[in-house]
Amino acid sequence: MGDESDLCDSESFRKRNTLYGFAEQTFLATFADPPNNQATTVLITSYGSIYLLIVNQYRVAFDLDSLAHCAAVQYVGKLQIDKLIEAGYIR
């Protein structure tokens, strides 16, 4: 798939994982595929007994902001957890 980026592995992202209630073992990374001008951001986490996998594939431009993609995928994960709580799947 390409090279894994450590841009998602920072103190601010770990703090946000905690704030959003994600598991301590949350995996969040961006993989670059320069020959195909694509990138993929992956979030794997859990909240209680619920496991969450989000994969965002996108075409990259020269001004790609991987940090913004990491933060966006984290936020989508939070929204999914919120929906599951509201629907009664998570107590």
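Provided above is the structure to which this section pertains.
Just so we're clear, the structure is a prediction, and the values are computed from it rather than from any experiment.

**Digging into the packing of aromatic side chains**
Step number 1: Under the criterion given, the structure shown has 3 aromatic pairs.
Step number 2: Pairing Y20 with F22 gives two aromatic rings, centres 5.7 Å apart and planes at 75°, and the pair type is edge-to-face. Here Y20 matches F22 in class, with each residue buried.
Step number 3: Ring-pair connections join several aromatic residues into one group, and the members of that group are Y20, F22 and Y75.

**A word on the nonpolar core**
When a protein is soluble and globular, its nonpolar side chains tend to lie buried together.
Step number 1: The biggest cluster of nonpolar side chains holds 12 residues, and these are C8, F13, Y20, F22, L28, L43, L52, I54, C70, V73, I81 and I90.
Step number 2: Those elements giving two or more residues to this core turn out to be α1 (11–20), β4 (50–59) and α2 (66–86).
Step number 3: Sorting elements by how many residues they give to this core places α2 first, with 3 residues.
Step number 4: Filtering out sequence-adjacent residues up to four positions away, C70 remains in contact with C8, F13, L28, T30 and T41.

How each quantity is defined
Residues numbered from 1 in each chain as written. Predicted model: local features only at pLDDT ≥ 70, side-chain atom pairs only at ≥ 80, totals over all residues. Heavy atoms only, no water. Phe/Tyr/Trp six-rings, centres within 6.5 Å; stacked < 30°, edge-to-face > 60°. Buried < 20%, exposed > 50% of the residue type's maximum accessible area, 1.4 Å probe, protein only. Core = buried A, V, L, I, M, F, W, Y, C linked by side-chain atoms within 4.5 Å. Helix = DSSP H or I, 4+ residues; strand = E, 2+ residues; numbered from the N terminus. Contact = heavy atoms within 4.5 Å.

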